[in-house]
Amino acid sequence: MMMAMIFFITLLNFKLILLCFASCTIPLSERLADSRPNIVLIMADDMGWGDVGANWPNTRDTPFLDYLASISMRLPDYHSGASVCSVSRAALLTGRLTPRTGVWQNFASTALGGLPTNETIISELLKTVGYATAIHGKWHLGHQPPFHPSYRGFDEYVGIPYSIDMGCTDNPGFNYPPVKACPKDPPLFFEQKHEHADDVKNVIEADLTVGIPLYQCLTPHCPDNNCNKEIIEQPVNLSTLTQSYIDNDRRFIRRSIEANKPFFLYLPLSHMHVPHDYAQQFKNTSILPSIYGVPNIYGDTLRELDYHVNQTYQLLQNLGILNQTLLIFTSDNGPWSSKCDLAGNQGPFTGIWQQLPFSSGGGGGGGTAKFTTWEAGHRIPFIAHWPGMIKGGTISNAIGSHLDLMPTIANLAGFTLPLNRSFDGTDLSPVLFDGSNQGHEYLFHPDMLGHLSAVRYNQYKAYYTTYPAIDGACGGKEGMIMHHKPPLIFDLSRDLAESTPIIVSQSVYDAIDQALHEKLNDIASTPHTQADYRIGGLDARACCDAGHIVCRCTD
């Protein structure tokens, strides 16, 4: 009897050892497939790579983000899908490049279209596997049904439809050039559905005369398909917007927990886009020096952004769900350099060649961040946190992209990517969970016309076209568009500032040419769409009260 018992225990231990061995040899990325974590995706607006102190020590106004980076994984070589708002957001949510989605420029405040409805986005796919979904922040992919986020797989939407400089507010904050507050206008008077001619003239000719709206849509779809009925504040108060988002974040997460549902909370914030405004508690909080005797407005705004991320983290921690949540922080694109001291920090990615005069063999000047394919336009912060799953304090050299979030989330949440189209991202799970440094070998960057005119190949960056930011640079310097054949190539392993083009072996030129050719052929031969960029009239405004020129909400 004793011998039989000993044999049984020995056999049981052996089986346990085998089971442990099997589980330990299966990569964590595979064990986490279909694990359905909560996902919180925080995306800043126009934030520079160098705005995060963990990336660039000269920055000291992101204490919590720096702490978060120290207990998370950071990808210093991570890129947006484009260097301008709408285009980058379309790439992130679809996992597809600009020529596939047809979204190649920003949508206007009176846009009739938006991200094409036959482009499937992350939130829509997460709904198929039981997730609660919310967006609190800036959308900028169309505000008319069916492009409005309430029609795109989100259970709720609290936020603004486009950039905060595309309309007026009562307290306009700081911008270059300075913007005016919304006029305290009298109502427009309607007679047989025709406004007074002078009123129409004022609306059409005045700059930024429509108030920035704040939507609160707590159910999918809008009443009677009229999303204007869901505007709760117009013009929005930028100084209270952050706290409004925090309060709604808390409500949504608690409601999701009570419903026993995994959740996807997408937080595309308006900070660090101009105009800058923030709560009084952040005034003069920047520890960076003032500029020309003026407080560091940008630094103060960074402080409020950092506070928002901290509050989100503390909420997850207080609710006891940090260990079940993948938290990602990133930006939509690089800084708007023509805004001078109101713009973010490019870090080492200064695009020196573009700034050199033509006489020195350079690009003739101009901005090298937002709107461009220079490195600062699309290289952005990336921090990923999941206690117990992502090793804290790690840095991966993998080349990553917004395009990767769709396949990564698909793997974790357990949904299947649509089979009738091509995707341009790669699943980052091995990087995040297994310590792999294998990201993209090639990465393609769309220019201001949506063409893939810049290509990353390992450490090389190839430019078939170079150009400066469309609005010049701080100080007004402007270069010109230049085409290069063979492409202009920089070695980013030695030259992050992109100062000195190099000559490479013919095999490198051939590899880059072939990769671009294959990508363009795949785009042409597989389903792709075109966005509707038509602009409407007064009735196309996001407007809670058309009786006012600025659509001011009244009690």
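Residues numbered from 1 in each chain as written. Predicted model: local features only at pLDDT ≥ 70, side-chain atom pairs only at ≥ 80, totals over all residues. Heavy atoms only, no water.

### Structural notes on the state of the cysteines
Between two cysteines, a covalent bond joining their sulfur atoms is known as a disulfide. This structure, assessed with the given rule, holds five disulfides. What pairs with Cys222 in a disulfide is Cys227, and their sulfur atoms sit 2.1 Å apart. Here the S-S torsion is close to 90°, and the disulfide linking Cys222 with Cys227 is therefore right-handed. Given a relative accessible area of 7%, Cys222 falls into the buried group. Covalently, Cys340 is tied to Cys474 through a disulfide, its sulfur atoms 2.1 Å apart. (Disulfide = S-S within 2.5 Å. Buried < 20%, exposed > 50% of the residue type's maximum accessible area, 1.4 Å probe, protein only.)

### As for unusual backbone geometry
Residue Pro235 is bonded to the preceding Gln234 through a cis peptide linkage, with omega at 0°. Secondary-structure assignment places Pro235 in the loop between strand S7 (231-233) and helix H8 (238-258). The linkage connecting Lys485 with the following residue, Pro486, adopts the cis geometry, with an omega of 0°. Secondary-structure assignment places Pro486 in strand S16 (residues 482-491). (Helix = DSSP H or I, 4+ residues; strand = E, 2+ residues; numbered from the N terminus.)

### Let's talk about the side chain of Arg100
Relative to the helices and strands, Arg100 is located in helix H5 (residues 98-101). For Arg100, a relative accessible area of 0% gives the class buried. In this structure the side chain of Arg100 is engaged in a polar contact, spanning 2.8 Å, whose partner is the side chain of Asp424. Setting aside residues up to four positions removed in sequence, Arg100 forms contacts with Glu119, Ser422, Asp424, Lys519, Asp522, Ile523, Thr526, His528 and Thr529. (Polar contact = N/O pair within 3.5 Å; in protein donor to acceptor, adjacent residues only side chain to side chain. Contact = heavy atoms within 4.5 Å.)

### Describing the nonpolar core
In terms of nonpolar packing, the biggest core is built from 109 residues, with Met47, Phe263, Phe264, Phe329 and Phe415 touching the most fellow members. Considering every element that reaches this core, the biggest residue donor is helix H9 (residues 297-318), with eight residues. Counting residues in hydrophobic clusters, the runner-up holds 20 residues, among them Tyr442, Leu452, Ile489 and Tyr509. (Core = buried A, V, L, I, M, F, W, Y, C linked by side-chain atoms within 4.5 Å.)

### Observations regarding the sheet that holds S16
Spatially, four strands are ordered S13-S14-S15-S16 in an open sheet, and the strand pairing comes out antiparallel. The outermost strands of the open sheet, each flanked by one partner alone, are strand S13 (442-446) and S16. The sheet shows a mean angle of 20° between the axes of neighbouring strands, direction not considered. Where S13 meets strand S14 (residues 452-457), five bridges bridge the pair, whose relative direction is antiparallel. Each bridged residue has a counterpart across the sheet, and for His445 the counterpart in S14 is Ala454. The sheet contacts of helix H14 (residues 506-525) involve S13, S14, strand S15 (460-466) and S16, and relative to S14 the element is tilted by about 125°. (Pairing = 2+ DSSP bridges. Axes fitted to C-alpha atoms, helices over the stretch in contact; angles between N-to-C directions.)

### With respect to the sheet that holds S7
Reading across the sheet, the 10 strands line up as S7-S6-S5-S4-S8-S1-S9-S10-S2-S11 and stay open at both edges, with mixed pairing between neighbours. The open sheet has two edge strands with one neighbour each: S7 and strand S11 (394-395). Across three bridges, the pairing between strand S4 (residues 132-136) and strand S5 (residues 156-159) is parallel. Note on S5: the bridge partner recorded for Ile135 is Tyr157. Across the sheet, helix H3 (residues 63-70) touches strand S2 (73-74), strand S9 (325-331) and strand S10 (382-385), and the angle it forms with S10 is around 60°. Set on the sheet, H8 makes contact with S4, S5, strand S6 (214-217) and strand S8 (263-268); between it and S4 the angle comes to about 175°.

### A short note on H3
Within H3 the residues assigned to the buried category are Phe64, Leu65, Leu68 and Ala69. End-on view of H3: buried residues confined to an arc of 140°, all on one side of the axis. (Arc of directions from axis to C-beta.)

### Looking at the packing of aromatic side chains
Throughout the structure, instances matching the rule amount to 21 aromatic pairs. Taken together, a centroid distance of 5.3 Å and an interplanar angle of 55° make the contact between Phe64 and Tyr313 tilted. Note that Phe64 is positioned in helix H3 and Tyr313 in helix H9, a separation of 249 residues in sequence. Summarising the burial analysis for this pair, Phe64 and Tyr313 share the class buried. A cation over an aromatic ring shows up here: Lys339 above the ring of Trp336, its NZ or CZ 4.4 Å from the ring centre. Over the ring of Trp336 we find Lys370, and its NZ or CZ is 4.2 Å from the ring centre. (Phe/Tyr/Trp six-rings, centres within 6.5 Å; stacked < 30°, edge-to-face > 60°. Lys NZ or Arg CZ within 6 Å of the ring centre and 35° of its normal.)

### As for the pattern of salt bridges
According to the stated counting rule, one finds 24 salt bridges in the structure shown. One salt bridge connects Asp424 with Arg100, and the closest N-O pair in it is separated by 2.8 Å. Separated by 324 residues along the polypeptide, Asp424 in the loop between helix H12 (405-413) and helix H13 (429-434) and Arg100 in helix H5 bring together distant segments of the chain. Assessed through its relative accessible area of 8%, Asp424 is described here as buried. Measuring nitrogen to oxygen at the nearest pair gives 3.0 Å for the salt bridge that ties Asp170 to Arg552. Placement of Asp170 in the loop between S5 and helix H7 (197-205) and of Arg552 in the segment after H14 is noted, with a sequence separation of 382 residues between them. Residue classification places Asp170 among the partly exposed residues on the basis of a relative accessible area of 28%. Linked by salt bridges that have partners in common, Asp77, Glu375, Arg379, Arg456, Lys461 and Glu498 make up one network. (Salt bridge = Lys/Arg side-chain N within 4 Å of Asp/Glu carboxyl O.)

### Topic: the confidence of the model for the protein chain
Summary statistics for the protein chain give a mean pLDDT of 91 and a share of 90% for residues scoring 70 or more. Scored below 50 in pLDDT, residues 4-22 shows zero contacts in the model against residues more than four places distant or in partner chains. (pLDDT = per-residue confidence, 0-100.)

### Some points on the packing of H8 against H9
Two elements in contact, H8 and H9, have axes separated by 11 Å at closest approach and are oriented at 15°. Viewed along their axes, H8 and H9 adopt a mutual orientation that is roughly parallel. Two packed elements cross with a definite hand, and for H8 against H9 that hand is right-handed. Contact with H8, carried on its side by Ser239, Thr242, Gln243, Tyr245, Ile246, Asp249, Arg250 and Ile253, involves Glu304, Tyr307, His308, Gln311, Thr312, Leu315 and Leu316 of H9 and no other residues of that element. When its residues are assigned to classes, the contact of H8 with H9 shows six nonpolar, six polar and three charged. (Parallel < 35°, antiparallel > 145°, perpendicular 65-115°, else oblique. Left-handed = near helix turned anticlockwise from the far one by under 90°. Nonpolar A, V, L, I, M, F, W, Y, C, P; charged D, E, K, R; others polar.)

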